[in-house]
Amino acid sequence: MALLSRRGLCNRVGVSVRVKPVVAARKLTVMSSSAAPAPKTGFHTVEEALRDEALAKFFDDVAALKVTPTSGGVNNVVQYVETPAGKRYILRVYNNGNKSEKVRFEHEILRQLSTQTLSFEVPKTLPSKAGRSHELLSSGTEACVFHIIPGSLAKTTSPEEVGRATGELCSAMASVTMPTDMTPPIAPYFELFKVHHAIGGNAEIFYKEVATNPQFNACRESIDFLVGEIRKIEAKLAEYLKEGLPMQMIHGDLHYDNVMVVGDDVSGLLDFEFCAYDWRAMELAVALSKYVSEDEPLPLVERFVSGYCQKGVLTESEIAAIPDLINLRIFSNAVYFTGRAIAGEDTLESLTSRAGAYAKRVRWVNANRDALANCIRTKMAALVAA
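Anyway, here's the lowdown on the structure attached to this text. (Residues numbered from 1 in each chain as written. Predicted model: local features only at pLDDT ≥ 70, side-chain atom pairs only at ≥ 80, totals over all residues. Heavy atoms only, no water.)

1. Focus: the overall build of the protein
- Across its full length, the protein holds eleven helices and ten strands.
- Looking at the protein residue by residue over its 386 residues, the buried ones come to 57%.
- Within the protein, counting contacts between residues at least 6 apart in sequence, those at least 24 apart form 79% of the total.
- In the structure as shown, the protein presents an accessible area of about 15,600 Å², 51% of it carried by carbon and sulfur atoms. (Helix = DSSP H or I, 4+ residues; strand = E, 2+ residues; numbered from the N terminus. Buried < 20%, exposed > 50% of the residue type's maximum accessible area, 1.4 Å probe, protein only. Contact = heavy atoms within 4.5 Å. Areas by Shrake-Rupley, 256 points an atom, 1.4 Å probe, with all protein chains shown as cover.)

See below:
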């Protein structure tokens, strides 16, 4: 099961789940000297007592269960669980700063999607012994158990099919209506500096940290380039807001590492933890932000867009904005990982190790703006004409 990558992933400071690196002897540094040591991204685990407390909410005989780590897990504690009868599930212990409202929001969206007829699966929870989809633990964090969706991660295979499923989900999410007492806990992408609580909407916190923290010297050229591009997009975001791009509920982290396939068929879409009320076009932009990291992006983009346009809808204003929105997703990751390091939720390596790749993506997008927009425009027009 693929885990988070978004915004790149939205945890909060103050989480009570105690996490530690798999390699305990490895010393990990963090951005702020006042922050507690954090595990390297993708190596979160949990003490057995809390894990067993979570399992006991869903299973009768915890001692009889076989629990093994997954290969993913960027943020949350996620482990395979196998019963004596051979049934397998995914245990998730949330590492999101004890934000129960985020979990309730995610599970309500999954509940509503489960009532729709879709060509793929979305995560389905195993009810707890109390009949709930998630349970609060003594630490203050939440836990749930998901059924396993069959298949393997799509990666760059089947881009047209992945695009079709993305467009289908985007259209399905348009009909999701949240209860009035549920406010989206995730800020929209255009509120760039609200992506992490340690930044808190204050751009200067991000800019100052990047300028003064010596750990950024490991990727100084790339990070300075990204900062320059982030400053440029701030003005553009204000213009797009004036244009009134269509808004709706979106998945917010739907890319090929969150898509399961069996052969060429999409079997399931994963990780709805970052759903938000946002620009509709961000769903496509997030997906394309992964393809533009490949050696030859355009053929993959063209095939993906061919599928997306069969099920999704875009206006001309949205199409024109897509290159900037792809970059916005990348900038959001940079700001987010900076916030996580400040908060002690991860090491700065989570960003410094990616900064070069992020800069490469942005440069490619900037050099291929017309090709990207024209590709989407042409595919959409062809379907309308048909």
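2. So, the nonpolar core
- Residues Ile-109 and Leu-288 are the most contacted members of the largest nonpolar core, which totals 97 residues.
- With sequence-adjacent residues up to four places away left out, Ile-109 is seen in contact with Met-173, Val-176, Met-178, Met-249, Phe-272 and Cys-275.
- Ranked by size, the runner-up nonpolar core spans 17 residues in total, among them Val-77, Leu-91, Val-93 and Val-145. (Core = buried A, V, L, I, M, F, W, Y, C linked by side-chain atoms within 4.5 Å.)

3. Focus: the environment of Gln-310
- Structurally, Gln-310 can be placed in helix 7 (residues 297-311).
- With 146 residues separating them along the chain, Gln-310 and Arg-164 place their C-alpha atoms 6.3 Å apart.
- What Gln-310 contacts, discounting residues up to four positions off in sequence, is Glu-160, Arg-164 and Leu-383.
- Within the structure, Gln-310 has its side chain in polar contact with the side chain of Glu-160 (distance 3.2 Å). (Polar contact = N/O pair within 3.5 Å; in protein donor to acceptor, adjacent residues only side chain to side chain.)

4. A short note on the pattern of salt bridges
- For the structure shown, the criterion picks out 20 salt bridges.
- Ionic pairing is found between Lys-129 and Asp-60, a salt bridge with its closest N-O pair at 3.8 Å. In this pair, Lys-129 sits in the loop between helix 2 (100-114) and strand 4 (135-136) while Asp-60 sits in the loop between helix 1 (48-56) and strand 1 (66-69), placing the two residues 69 residues apart along the sequence.
- A salt bridge links Arg-164 to Glu-160; the nearest nitrogen and oxygen atoms lie 3.7 Å apart. Here Arg-164 and its partner Glu-160 are both found in helix 3 (residues 159-173), four residues apart, which amounts to about one turn of the helix.
- You can call Glu-160 partly exposed: its relative accessible area is 27%.
- Each member of the salt-bridge network shares a partner with another, and the members are Arg-92, Glu-106 and Asp-271. (Salt bridge = Lys/Arg side-chain N within 4 Å of Asp/Glu carboxyl O.)

5. Concerning the sheet that holds strand 5 (residues 142-147)
- A sheet is described by the order of its strands in space; here five strands give the open sequence 1-2-3-5-4, paired in antiparallel fashion. In the strand order of this sheet, the two ends are held by strand 1 and strand 4, each with one partner.
- In this structure, strand 2 (residues 77-82) lies alongside strand 3 (residues 88-93), joined through six bridges in antiparallel fashion. Among the inter-strand pairings, Glu-82 is bridged to a residue of strand 3, identified as Arg-88.
- Here helix 2 sits on the sheet and contacts strand 3, strand 4 and strand 5; the angle it forms with strand 5, its principal contact strand, is near 25 degrees. (Pairing = 2+ DSSP bridges. Axes fitted to C-alpha atoms, helices over the stretch in contact; angles between N-to-C directions.)

6. A look at the sheet that holds strand 8 (residues 259-262)
- The strand order 6-8-9 describes an open sheet built from three strands, whose pairing is antiparallel. The open sheet has two free edges, formed respectively by strand 6 (152-153) and strand 9 (265-269), since each of these has just one partner strand.
- In this sheet, strand 8 lies alongside strand 6 in antiparallel orientation, the contact comprising two bridges. Residue pairing in the sheet places Leu-153 in a bridge with Met-260 of strand 8.
- Packed on one face of the sheet, helix 3 meets strand 8 and strand 9 and runs near 45 degrees to strand 9.

7. Focus on unusual backbone geometry
- You will see that Lys-155, though not glycine, has its phi angle at about 50 degrees, which is positive.
- Tracing the chain through its elements places Lys-155 in the loop between strand 6 and helix 3.
- Among the residues examined, Lys-155 registers a relative accessible area of 40% and is labelled partly exposed.
- Of note, the phi angle at Ser-158 is positive, near 50 degrees, even though the residue is not glycine.
- Assignment of secondary structure puts Ser-158 in the loop between strand 6 and helix 3.

8. Overview of the packing of aromatic side chains
- As enumerated under the stated definition, the model contains ten aromatic pairs in all.
- Ring geometry for Phe-190 against Trp-279: centres 4.7 Å apart, planes inclined by 45 degrees, an arrangement best described as tilted. With Phe-190 in the loop between helix 3 and helix 4 (203-212) and Trp-279 in strand 10 (residues 276-279), the pair connects residues that are 89 residues apart, well separated along the chain. We note that Phe-190, like Trp-279, is buried. (Phe/Tyr/Trp six-rings, centres within 6.5 Å; stacked < 30°, edge-to-face > 60°.)

9. Here we look at helix 2
- For helix 2, built from 15 residues, the straight-helix expectation of 21 Å at 1.5 Å per residue is met to within 8% by its first-to-last C-alpha distance of 21 Å.
- A large share of helix 2 lies buried, amounting to eleven of its 15 residues.
- Structurally, helix 2 contributes buried residues whose contacts are with strand 3, strand 4, strand 5, helix 3 and strand 7 (247-250). (Expected span 1.5 Å × (residues − 1).)

10. Comments concerning the packing of helix 7 against helix 11 (residues 369-385)
- Axis separation between helix 7 and helix 11 bottoms out at 9 Å; the angle between their running directions is 35 degrees. In the crossing of helix 7 with helix 11, the sense of the turn from one axis to the other is right-handed. Residues Leu-298, Val-301, Glu-302, Val-305, Ser-306, Cys-309 and Gln-310 of helix 7 touch helix 11, and the partners they reach there are Ala-371, Leu-372, Cys-375, Ile-376, Lys-379, Met-380 and Leu-383.
- Of the residues contributing to the contact of helix 7 with helix 11, the split by class is ten nonpolar, two polar and two charged. (Left-handed = near helix turned anticlockwise from the far one by under 90°. Nonpolar A, V, L, I, M, F, W, Y, C, P; charged D, E, K, R; others polar.)

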